[in-house]
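# Examination of the molecular architecture
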Amino acid sequence: MDLSLSDEQKQLQDAAERFVRDKYAFENRRKIAATEKGWLPENWAQMAELGWLGMSFKEEDGGYGGGPIETMIVMEQFGKGLVLEPFLPTVVLGGGMIAAVGSAAQKEALLAPMIEGKKQFAFAWLERQSRYNLADVSLKATKEGSGWSLSGHKGVVYNAASADQIIVLARTAGSAREEKGLTLFVVDGNAKGLSRRDYPTQDSLRASELTFDKVSVGADAVLGTVDGAFPVAEDAVDRAIVALCAEATGCMDAVNAATLEYIKTRKQFGVPIGKFQVLQHRMVDCFTNAQEARSMTLMASLKIEDKDPVVRHKAASGAKVQIGKSGKFCGQSAVQMHGGMGVTDELSVSHYFKRLTMIDLMFGTQQHHLTRYSNLAMAA
Amino acid sequence: MDLAFTAEEQKFADEVRAFVKANLPADVRDKVKNGKHLGRDDYMRWQQALGKKGWLVYTWPKKYGGPGFTPAQRYIFENVCAEEYAPGIIPFGTKMVGPVIYTFGSEEQKQKYLPAIRESTVWWCQGYSEPGSGSDLASLRTKAEKQGDHYIVNGSKTWNTMGHWADWIFCLVRTDSKAKPQEGISFLLIDMKTPGITVKPIIMADGGHEVNEVFFDNVKVPVANLVGKENEGWTCAKFLLANERLGIAAVPQSKRGVEALKDIARAEQDNGKPLIENPGFAEKIADLEIQVTALEFTELRVLSQMAQGGQPGPEVSGLKIRGSEIQQRITELTMEAVGEYAAPYLPGLLWHGSNEEPVGPEYAHLAAPRYFNTRKTTIYGGSNEIQKGIISKMVLGL
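Residues numbered from 1 in each chain as written. Chains lettered and ligands numbered in written order. Predicted model: local features only at pLDDT ≥ 70, side-chain atom pairs only at ≥ 80, totals over all residues. Heavy atoms only, no water.

## Overview of the domain arrangement of chain A
Frequently, the measure chosen for interface size is the accessible area that the parts lose on association. Residues and elements named next belong to chain A. One can read the domain layout of chain A as domain 1 (7-118), domain 2 (122-229) and domain 3 (231-379). In this complex, domain 1 contributes 21 residues to the contact, which on the side of domain 2 involves 19 residues. Carbon and sulfur atoms supply 60% of the area buried between domain 1 and domain 2, which totals about 1,400 Å² over both sides. Residues belonging to the side of domain 1 that touches domain 2 are distributed by class as follows: eleven nonpolar, six polar and four charged. (Domains from an automatic or database assignment. Contact = heavy atoms within 4.5 Å. Buried area = accessible area lost by both parts, 1.4 Å probe. Nonpolar A, V, L, I, M, F, W, Y, C, P; charged D, E, K, R; others polar.)

Below, the structure is given as structure tokens:
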């Protein structure tokens, strides 16, 4: 057993650290968030140039042969800088699904240019009623000649406005909440009949509500097999969860460091407030929480490509429960120990807190994943 | 001992309800019900209606123009107002400076300031915290130097709530820098229109403007605006903080919050069923409701003690601690109920009253800003760490 990073992985970590230091000073991030797209094309080009967009894909798919550990390494640094470029929806979700079940033609048309930084994706799975059940899909795709026609609604689709292609989870057969009968479609972002309502999110990302009104796509738009998309989507979301966990560990490290610095320097009653035992113990709990989060993220990154789906799902859900718990504790404690300053927009603390809060709500809360883990563990 | 209200108290509850229904402007009620932000005028219209009835200063004794409510009546009044979606009464005049003036002020000050507080024609704000003086309030440095019949005030105050709407500010200022920290402080009333005062907004994590920094640059304040004796302002400060901590428990608001949370959990879907039927989530709501009940009965016990003639003591700190945690828990669970639809951030709708359609249901876009904003409740009015320090020292003798 060896849980240390290879030399190459250390170099990747250094490069990602440098990127965040150079590009994501807090005031710089504020400027990036305020741009029209909400992320910077030059940063995206740099990520492509550094090989980050292709690092986790197999060489035969045009990638550089890495995997979840490489994703973990960069996502953790992205968490430290609260990076806004759409790595998760494009590379982890979109690229991940195309690599997993795409045809040779789809890989060539979509994955190759994505790795070069020339295409971005979004994954449209959520609907108003679906909460965290991936099978609760009512957007319908019906046969139309040799192709399909899509009608319905998708919500809170991250990066939809910038995406060249949107990967849509649609119902092609079966009834509501049935796992069978779901199909993935690759739809052009500017397809006729597709309308968007774009908005910023609480944590300065961009998302959209999408309405599909008889959007026509060809037979070649199907990603994977017709009616067989559920396990593909489930695995993609599990991979995204593990990547998010890595991002959250980065957020926790950064916010803990800021809080530690603050309680060492902020004086009240003639001493730094870090001299008070009540804050010392809370700070220790923050660090313990962040350590647990890091451990669970590493565990999940190592198990997320296991052959056994139960192992994969348990790894993702277990890590997400931990991240939800630790993220809430570290975020809330950081705000509390900063006092009033912690709730201002001016300091980065509130922004880490917001991101950690939203990470808990993405792809299932602590409660949701506790139930999922419990069902998987008790059935096994 | 009897938990049930008497027939007379029941009658009083009916009277309050009828009054609120008849006098709370419909648009203000709707804003409160839908969790929208209120403007200065929204608060003023409601408070002036209460003022005419003589109920705005419902905690004041009759002697100073209050209605002389019994503790039971106070409790009924607060609960009925909350149930009918009345906005919370702004405490700075009614619960903070008013009682300080009638307890420590001169006859002249009582005549001058109390009527406008009772009728809500003047908006007060608070000048307590400073950038370097938060939990350690007594370390404050805003200076007032006596020159003839004026004080010259220099310094700055922070976390000043709604000061951009205020006509007057009550301030703790340092009048003797050589004395022990608590012994050189005075309590001053300052007209916000006085030259030399600048109000600078602080933008909070939810994107809103609710608090300010207030700067004083050679501000001339008549000596007649000193409340109590010079250098004895700390007595007023402590008295005021004890009152502030009582209101902070916010039991009626939390009861309303739990009901609103249940409504949301009934409306939200989870695997084709209402979320409220999810056993894990239902238990969280049940746990919260039990916490609110425990808080309510603790407050009732304090009110009952006060009915016997006591002032709120250090045990009130316990109410603040639990009350603030419960308020936070409500917002936390509301966000959990809303799920991914908590993510859309619509500042126009949230802050500027735009007609933009919400994304998802109306309650969804308010969930996260509320959660972020409510983090302040365990910080303001003396952080919960400070409150626990007070209890361990004053109640437990540690």
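From this point, the narrative continues.
## Overview of the interface of chain B and chain A
Counting residues at the interface gives 51 residues for chain B, matched by 49 residues for chain A. Across the chain B to chain A interface the summed buried area is about 4,000 Å²; carbon plus sulfur atoms make up 55%. Among the residues of chain B in contact with chain A, E340, Y341 and F372 of chain B are the three that bury the most area, contributing 19% of the side total. Applying the counting criterion to the chain B and chain A interface returns five salt bridges. A salt bridge links R197 of chain A to E356 of chain B; its shortest N-O distance comes to 3.4 Å. For the pair chain B and chain A, the number of links is 31 residue pairs in polar contact (both at pLDDT 80 or more). (Salt bridge = Lys/Arg side-chain N within 4 Å of Asp/Glu carboxyl O. Polar contact = N/O pair within 3.5 Å; in protein donor to acceptor, adjacent residues only side chain to side chain.)

## Regarding empty space enclosed by the protein
All names here are of chain A. For the structure on display, the rule yields four cavities of 30 Å³ or more. Quantified by volume, the largest cavity comes out at close to 380 Å³. As for the largest cavity, its lining consists of 29 residues, of which P86, L88, P89, Y158 and L205 are closest to the centre. Per-element accounting of the lining of the largest cavity gives the leading share, four residues, to helix α5 (residues 87-101). Residue composition of the lining of the largest cavity, by class: 19 nonpolar, three polar and seven charged. (1 Å grid on protein atoms, 1.4 Å probe; cavity = no way out; pocket = protein on both sides within 12 Å on 5 of 7 lines; lining within 4 Å. Points joined across faces, edges and corners; volume = space filled by probe spheres on them. Helix = DSSP H or I, 4+ residues; strand = E, 2+ residues; numbered from the N terminus.)

## Structural notes on the side chain of Q109 of chain B
Residue and element names in this part refer to chain B. As for its placement among the helices and strands, Q109 is situated in helix α6 (residues 107-119). Accessibility expressed as a relative area gives 5% for Q109, which makes it buried. A polar atom in the side chain of Q109 sits 2.9 Å from the backbone nitrogen of S106. A polar contact is formed between the side chain of Q109 and the backbone oxygen of L226, at a distance of 2.7 Å. Those residues in contact with Q109 that sit more than four places away from it in its chain are I101, L114, A224, N225, L226 and V227. (Buried < 20%, exposed > 50% of the residue type's maximum accessible area, 1.4 Å probe, protein only.)

## Structural notes on the domain arrangement of chain B
Residue and element names in this part refer to chain B. Assigned domains within chain B: domain 1 (7-89), domain 2 (124-231) and domain 3 (248-395). Distance from the C-alpha centre of domain 1 to the C-alpha centre of domain 3: 21 Å. Residue-level contacts link 14 residues of domain 1 with 15 residues of domain 3. For the pair domain 1 and domain 3, the summed buried area comes to about 1,200 Å², and 59% of that belongs to carbon and sulfur atoms. Where domain 1 meets domain 3, there are one salt bridge. A salt bridge links K36 to E362, with the nearest nitrogen and oxygen atoms 3.8 Å apart. Here domain 1 is connected to domain 3 by four residue pairs in polar contact (both at pLDDT 80 or more). With seven residues, helix α4 (residues 71-83) is the largest single contributor of residues to the side of domain 1 that touches domain 3. Grouping the constituent residues of the side of domain 1 that touches domain 3 by class yields seven nonpolar, four polar and three charged.

## Details of a nonpolar patch on the surface
Residue and element names in this part refer to chain B. A surface patch of nonpolar side chains, about 470 Å² in accessible area, is lined by M394, V395, L396 and L398. On the secondary structure map, V395 appears in helix α13 (residues 384-395). Overall, V395 belongs to the partly exposed group, its relative accessible area being 46%. (Patch = residues over 30% accessible without salt bridge, like charges linked within 9 Å, V, L, I, M, F, W, Y side chains within 5 Å. Areas by Shrake-Rupley, 256 points an atom, 1.4 Å probe, with all protein chains shown as cover.)

## Things to note about the packing of aromatic side chains
Scanning the model with the defined rule gives 33 aromatic pairs over all chains in all. Here the aromatic rings of Y43 of chain B and W165 of chain B are separated by 6.4 Å at their centres, their planes lie at 55 degrees, and the arrangement is tilted. A residue pair is termed long-range when its members are at least 10 positions apart, and Y43 of chain B in helix α3 (residues 40-53) and W165 of chain B in the loop between β3 (150-161) and β4 (168-174) qualify at 122 residues. Residue class for Y43 of chain B comes out buried when judged on its relative accessible area of 14%. These aromatic residues form a ring-pair network of at least three members: F12, F19, W46, W55, Y58, F69 and F77 of chain B. For the cation-ring pair, R282 of chain A lies above F329 of chain A, with the distance from its terminal atom to the ring centre recorded as 6.0 Å. (Phe/Tyr/Trp six-rings, centres within 6.5 Å; stacked < 30°, edge-to-face > 60°. Lys NZ or Arg CZ within 6 Å of the ring centre and 35° of its normal.)

## Description of the packing of helix α8 (residues 277-303) of chain A against helix α9 (residues 309-338) of chain A
Residues and elements named next belong to chain A. One way to put it is that α8 packs onto α9 with a least axis distance of 8 Å and a crossing angle of 160 degrees. Relative to α9, the element α8 is oriented roughly antiparallel. Two packed elements cross with a definite hand, and for α8 against α9 that hand is left-handed. (Axes fitted to C-alpha atoms, helices over the stretch in contact; angles between N-to-C directions. Parallel < 35°, antiparallel > 145°, perpendicular 65-115°, else oblique. Left-handed = near helix turned anticlockwise from the far one by under 90°.)

## Some remarks on the nonpolar core
When a protein is soluble and globular, its nonpolar side chains tend to lie buried together. Residue and element names in this part refer to chain A. Ranked by internal contacts, the top residues of the largest apolar core, which has 140 residues, are W52, F87, F123 and F363. If you tally residues by element for this core, the top one is helix α7 (residues 230-265), at 19 residues. With near-sequence residues (within four places) excluded, W52 lies in contact with L12, A15, A16, F19, M47, V74, F78 and F87. (Core = buried A, V, L, I, M, F, W, Y, C linked by side-chain atoms within 4.5 Å.)

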